[in-house]
Amino acid sequence: MPSEKQPASVYEAIGGMETFEKLVHGFYAQVRNDDVIGPMYPDADWEGAEERLKWFLVQYWGGPQLFSENRGHPRLRMRHAPYPVDQKAHDRWLELMGNSLAEIDEQTIPPAYRHMIWDHMQRVAQMLINR
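One numbering rule holds for all chains: residues counted from 1, following each sequence as written. Residue-level local features of this predicted model are given only where pLDDT is at least 70; pairs of side-chain atoms are given and counted only at 80 or more, and the full residue set underlies all totals for whole chains, interfaces and linings. The basis for every side-chain value is the complete set of heavy atoms in the structure, and neither hydrogens nor water enter the calculation.

As recorded in an unreviewed UniProt entry, the protein goes by the name Globin, listed as coming from Corynebacterium accolens. Among the UniProt annotations of the protein, the heading Sequence similarities (unreviewed entry) holds the following wording: "Belongs to the truncated hemoglobin family. Group II subfamily." UniProt positions are given in the numbering used here, feature names are shortened, and annotations may be inferred rather than shown by experiment.

Have a look at this one:
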């Protein structure tokens, strides 16, 4: 009986770059008009912000090391230090990311992977509170 090849990473298991592009694009489509976290982003760098988050998530979940190749070590706390990340910003970030994650069907991101990704999002959002 032939065995199915297991995915090498979460990145591979959920559809690779295309899935992360959908997730991040859906998130930033909401952020642009958000009154809480939208103002933290420079108007001239929306595409750059979207690309950097995509690179980070792709790398974290086992895809190409795009963030490190382009930006060095992620150093998330240091990179977010200039921005006022309080509980309200934390909650809104999770709300918008949760909306984007919910837009991706369960065939693309099955429940077990969805739970892993959401758990990671919650931990990172908590870690970045700095006010």
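Looking now at the nonpolar core. Residues grouped as a nonpolar core are buried Ala, Val, Leu, Ile, Met, Phe, Trp, Tyr and Cys residues, joined through side-chain atoms within 4.5 Å. Summary of the burial criterion: residues with accessible area below 20% of their type's maximum are buried, those above 50% are exposed, and those between are partly exposed, where the area comes from a 1.4 Å probe applied to protein chains only. One finds Phe27, Tyr28, Ile37 and Leu57 to be the most contacted residues of the largest nonpolar core, which totals 39 residues. Secondary structure elements are taken from DSSP: a helix is a run of H or I of four residues or more, a strand is a run of E of two residues or more, and numbering for both begins at the N terminus. When contributions to this core are tallied by element, the ones reaching two or more residues are α1 (10–13), α2 (17–31), α3 (46–60), α4 (66–71), α6 (87–102) and α7 (111–127). In terms of residue count, α3 provides more of this core than any other element does, seven residues in total. By the convention used here, residues are in contact when the closest approach between their heavy atoms is within 4.5 Å. Here Ile37 is in contact with Phe27, Val31, Ala89, Arg92, Trp93 and Leu96, once residues within four sequence places are set aside.

Before going further, it helps to spend a moment on the pattern of salt bridges. Only one rule defines a salt bridge in this text: a Lys or Arg side-chain nitrogen within 4 Å of an Asp or Glu carboxyl oxygen. By the definition in use, this model includes eight salt bridges. For Glu18, the salt bridge identified is with Lys22, shortest N-O distance 3.6 Å. Of the two residues, Glu18 and Lys22 are both situated in helix α2; the distance of four residues between them amounts to about one turn of the helix. Salt-bridge contacts for Asp34 lead to Arg92; the nearest nitrogen and oxygen are separated by 2.6 Å. In this pair, Asp34 sits in the loop between α2 and α3 while Arg92 sits in helix α6, placing the two residues 58 residues apart along the sequence. Since its relative accessible area comes to 19%, Arg92 is described here as buried. One connected set of salt bridges, linked through shared partners, spans Asp34, Asp35, Arg92 and Glu95.

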